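Observations on the three-dimensional arrangement
Each chain, written out:
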Amino acid sequence: MEAAGAGAQRRARPVYKASAAGTRGCFHERVREENGMNIIIGGLLQESNTFSEASSAMRDFEQYYFRTGSQLLEPQKAENELAGFIKAAADHPEMTLLPTVFAQAVSSGKIPRRTFDELKRLLAERLAGLPACDGVLFTLHGAWVAEDNDDADGEIVELLRLHVGPDVPIVITLDSHANVTRKLVETVDGIVGYRTFPHTDYVPTGYRAAELLRRIVRGEAKPHIRLCKVPMIVPAERHETARGPMAELWEEALAGEREGRCAMTSLFLVQPWLDIAEMGCSVVVMDDDPAKAEEEAGRLAASMWSKRKQFDIRLYGVEEMVVMLEEQRGRGGPVVVSDSADSPGAGSPGDSNFVLRELLRLKTHHRWNCLLSIVDPGAARAAAEAGEGRTVRLQVGHSVSRAYGEPLAIEGVVAKVGSGKFRFGGGTVAGLEANMGRCAVVQIGTVSVLLMENATFTGDPAMYRSVGLEPADADLVLVKSAAQFRAEYELLTDRIYILDTPGASTANLTGLPFRHIPRPMYPFDSFD
Ligand SMILES: [Zn+2]
């Protein structure tokens with residue numbers, strides 16, 4: 001799959017005649033309508049946290065989201081970018097989608113080379129079996145780090161570029177937490193990022209990318225991409241786009257598009273747990289006129305920089321929360337606290353017992369109805385095997401994140417053994433099925449601890465409900481998520497707090513051992 005060969009193959013491509021209706025979607029046939037376009041589609045997504053000791057294997061992708069070949073085009077419940085590609089192709093019958101692979105896993109530490117190479121091999125194998133194409137639509141996260149390459153996403157686009165050659169346009173979609181690199185910008189023809197956090201616009205992002213690619217293939221657009229890196233990283237808890245500094249920035253960016261300052265803007269507040277050399281927030285602007293793109297990128301980057309201090313957040317101690325429960329006794333709705341330092345969505349293992357340890361120390365288990373979750377395969381299996389109604393003594397927590405705490409000895413009653421599976425109920429990942437593996441609820445007085453084998457997104461009340469626990473009826477509910485949990489939990493309560501806890505995805509960024517990021521960088525250096 002050398003570039004020259006692939007390019008030559010493209011130029012020599014025969015012109016296919018229009019054929020009977022119904023050929024659209026027959027991706028396996030080298031047949032398409034007149035003026036039609038063959039579009040390769042696929043996606044490989046994972047977010048890395050270089051401070052996390054968690055690791056991922058093929059199994060993690062297979063369990064979370066994994067489709068190959070024609071499976072990509074089958075009806076499915078997940079509302080992801082792929083659904084946006086398919087919707088665009090339905091609206092534009094000239095687009096014929098050539099599916100490769102679409103795989104996603106929960107965030108983790110750096111991806112092991114072995115797992116990454118296996119994913120690349122699957123993609124290369126699928127690409128090799130496809131006919132010549134007119135364009136590529138590919139979904140990446142953009143903050144993917146391999147154990148031996150800080151720019152894993154760049155490695156994927158390189159593979160795509162080698163396959164299709166220099167002349168075929170590639171448009172990628174990225175999570176708005178991406179760390180946009182020079183290699184990405186130099187290798188692709190279009191970059192389209194999410195515009196929401198909590199992320200709710202996977203489908204529109206896929207659709208916009210497909211629209212852009214369609215216009216490039218038809219010769220109606222030839223965008224130049226301008227990347228402006230901004231030397232700042234800010235807590236993910238304040239990345240939300242509905243209010244605060246990001247809402248203002250998006251207003252400015254969309255006004256720029258409306259006023260014709262550029263064709264399309266993407267704003268990337270990088271997720272802050274990447275200790276790598278090309279780290280930083282980014283503004284990516286596209287326009288057919290490079291000077292306009294340059295000017296708009298500079299304008300928005302300056303605005304982002306000026307707002308850097310507005311992203312600071314206040315963190316709370318567990319003890320403060322317990323005092324508040326006492327003071328606000330009788331108020332409706334739970335207090336929802338986030339141990340975002342241990343968020344599986346941010347690459348942490350989800351195995352911290354810090355909050356449980358604190359609640360037991362503060363004797364909360366005689367007083368408040370609390371719901372907690374801890375990933376611990378050994379303890380989850382032992383509790384599930386003991387069975388409901390049995391008393392168990394277990395060591396729980398920190399089986400992976402040994403740098404951030406030690407196992408805690410607990411004694412409790414197994415209140416429920418669950419199936420481990422639940423379906424996300426709302427918004428952001430609606431329809432996707434989560435798999436906790438073996439799981440059980442261990443009751444310690446009034447504290448319910450959900451032990452599970454696998455890390456999953458903890459910010460949907462459906463997780464607790466799947467094991468018979470109702471967050472709306474609890475006094476205190478623990479989630480491990482920076483902001484994504486707000487989509488569902490804000491429907492239950494207005495008392496939501498981020499905790500100051502140890503962990504690889506802490507919001508206390510200056511407490512993490514950054515060594516490789518470029519300096520100066522906010523908030524590590526003074527710019528005043
Ligand atoms: Zn994200």
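Residues numbered from 1 in each chain as written. Predicted model: local features only at pLDDT ≥ 70, side-chain atom pairs only at ≥ 80, totals over all residues. Heavy atoms only, no water.

**Let's talk about the domain arrangement of the protein chain**
Taken domain by domain, the protein chain comprises domain 1 (19-311) and domain 2 (318-507). A C-alpha centroid distance of 32 Å is found between domain 1 and domain 2. Domain 1 puts 28 residues into the contact, and the matching count from domain 2 is 32 residues. Summed over both sides, the interface of domain 1 with domain 2 buries roughly 2,300 Å², with 53% coming from carbon and sulfur. At the junction of domain 1 with domain 2, the criterion picks out one salt bridge. (Domains from an automatic or database assignment. Contact = heavy atoms within 4.5 Å. Buried area = accessible area lost by both parts, 1.4 Å probe. Salt bridge = Lys/Arg side-chain N within 4 Å of Asp/Glu carboxyl O.)

**A closer look at the side chain of Thr493**
Its place among the elements puts Thr493 in the loop between helix H14 (486-489) and strand S19 (496-498). Overall, Thr493 belongs to the buried group, its relative accessible area being 8%. Within the structure, the side chain of Thr493 is placed 2.9 Å from the backbone nitrogen of Arg495, a separation counted as a polar contact. If we ignore the near neighbours within four places in the chain, the residues touching Thr493 are Gly333, Pro334 and Val336. (Helix = DSSP H or I, 4+ residues; strand = E, 2+ residues; numbered from the N terminus. Buried < 20%, exposed > 50% of the residue type's maximum accessible area, 1.4 Å probe, protein only. Polar contact = N/O pair within 3.5 Å; in protein donor to acceptor, adjacent residues only side chain to side chain.)

**Remarks on the pattern of salt bridges**
Inspection of the entire model under this criterion finds 36 salt bridges. Between Glu411 and Arg393 there is a salt bridge whose closest N-O contact spans 3.1 Å. Placement of the pair is Glu411 in strand S13 (residues 408-418) and Arg393 in strand S12 (residues 391-396), with a sequence separation of 18 residues. Exposure remark for Arg393: the relative accessible area of 68% places this residue in the exposed category. One connected set of salt bridges, linked through shared partners, spans Glu94, Glu211, Arg214, Arg215, Arg218 and Glu220.

**Points about the packing of helix H3 (residues 81-91) against helix H7 (residues 202-217)**
Working note: a packed helix pair is described by the angle between its axes plus the distance between those axes. Running from N to C, H3 and H7 point in directions that differ by 50°, and their axes come no closer than 6 Å. Here H3 is positioned oblique relative to H7, judged by the angle of their axes. In the packing of H3 onto H7, the handedness of the crossing is right-handed. Judged by residue contacts, Glu81, Ala83, Gly84, Phe85, Lys87, Ala88 and Asp91 of H3 engage Tyr202, Val203, Gly206, Tyr207, Ala209 and Ala210 from H7. In the contact of H3 with H7, the residues fall into eight nonpolar, two polar and three charged. (Axes fitted to C-alpha atoms, helices over the stretch in contact; angles between N-to-C directions. Parallel < 35°, antiparallel > 145°, perpendicular 65-115°, else oblique. Left-handed = near helix turned anticlockwise from the far one by under 90°. Nonpolar A, V, L, I, M, F, W, Y, C, P; charged D, E, K, R; others polar.)

**Regarding the coordination of the zinc ion**
Here the zinc ion is held by Asp175 (OD), Asp175 (OD), His177 (ND1) and His199 (NE2), and the distances to it run 2.1 to 2.5 Å. Here the zinc ion is ringed by four donor atoms whose angles at the metal span 54 to 145°, and the overall shape comes out irregular. Look at His177 and you get buried, because its relative accessible area is 6%. (Donors = N, O, S within 2.8 Å, 3.2 Å for Na, K, Ca; no water. Tetrahedral: all angles 85-135°; square planar, octahedral: opposite > 155°, others 65-115°.)

**Comments concerning the UniProt feature "domain: Microcystin LR degradation protein MlrC N-terminal" (unreviewed entry) in the protein chain**
Per the UniProt entry, the sites bearing "domain: Microcystin LR degradation protein MlrC N-terminal" (unreviewed entry) are residues 39-322 in this numbering. For residues 39-322, helix accounts for 37% and strand for 19%, while the C-alpha atoms at its two ends are 55 Å apart. (UniProt positions renumbered as here; feature names shortened; annotations may be inferred.)

**A closer look at the packing of aromatic side chains**
According to the stated counting rule, one finds ten aromatic pairs in the structure shown. Relative to Trp144, the ring of Phe61 lies with its centre 6.4 Å away and its plane at 50°, an arrangement referred to as tilted. Within this pair, whereas Phe61 is found in helix H2 (residues 58-64), its partner Trp144 is found in the loop between strand S4 (135-140) and helix H5 (152-164), the two being separated by 83 residues in sequence. Both residues of the pair, Phe61 and Trp144, belong to the buried class. With a centroid separation of 5.1 Å and 90° between ring planes, the pair formed by Tyr194 and Tyr202 is classed as edge-to-face. In this structure Tyr202 comes out as buried when scored by relative accessible area, which is 12%. Directly above the ring of Trp305 sits Arg308, whose terminal nitrogen or CZ lies 3.9 Å from the centroid. The positively charged end of Arg314 is found above the aromatic ring belonging to Tyr316, 4.0 Å away from the centroid. (Phe/Tyr/Trp six-rings, centres within 6.5 Å; stacked < 30°, edge-to-face > 60°. Lys NZ or Arg CZ within 6 Å of the ring centre and 35° of its normal.)

**A look at H7**
With 16 residues, H7 should cover 22 Å at 1.5 Å per step; its first-to-last C-alpha distance of 23 Å lies within 8% of that length. Buried residues of H7: Tyr202, Val203, Thr205, Gly206, Tyr207, Ala209, Ala210, Leu212, Leu213, Arg214 and Ile216, and no others. (Expected span 1.5 Å × (residues − 1).)

**Some remarks on unusual backbone geometry**
Residues Arg519 and Pro520 are joined by a peptide bond in cis, for which omega reads 0°. Counting through the fold element by element, Pro520 comes out in the segment after S19. Residue Pro523 is reached from Tyr522 by a cis peptide bond, and omega for that bond is 10°. Of note, Pro523 is situated in the segment after S19. Notably, Lys363 is not glycine yet its phi reads approximately 60°, a positive angle. Mapped onto the fold, Lys363 is located in the loop between helix H11 (354-361) and strand S11 (370-375).

**Quick look at the environment of Asp473**
Turning to its location among the elements, Asp473 is positioned in the loop between helix H13 (462-465) and strand S18 (476-479). Note on Asp473: relative accessible area 59%, which makes it exposed. Sequence separation between Asp473 and Glu433 is 40 residues; the distance between their C-alpha atoms is 24 Å.

**A short note on the sheet that holds strand S2 (residues 65-68)**
An order of S2-S3-S1-S4-S5-S6 is seen for the six strands of this open sheet, with the pairing classed as mixed. Across the chains shown, the open sheet's two edge strands, defined by having one partner strand only, are S2 and strand S6 (190-193). The average undirected angle you get between the axes of adjacent strands in this sheet is 20°. As defined by bridge partners, strand S1 (residues 37-45) adjoins strand S3 (residues 95-104) across eight bridges and the pair is classed as parallel. Bridging across to S3, Leu44 finds its partner in Ala103. The strands touched by helix H4 (residues 113-128) are S1, S2, S3 and S4; relative to S3, the strand with the most contacts, the crossing angle is about 165°. In this fold H5 packs onto S1, S4 and strand S5 (170-174), with an angle of close to 165° to the strand it touches most, S4. (Pairing = 2+ DSSP bridges.)

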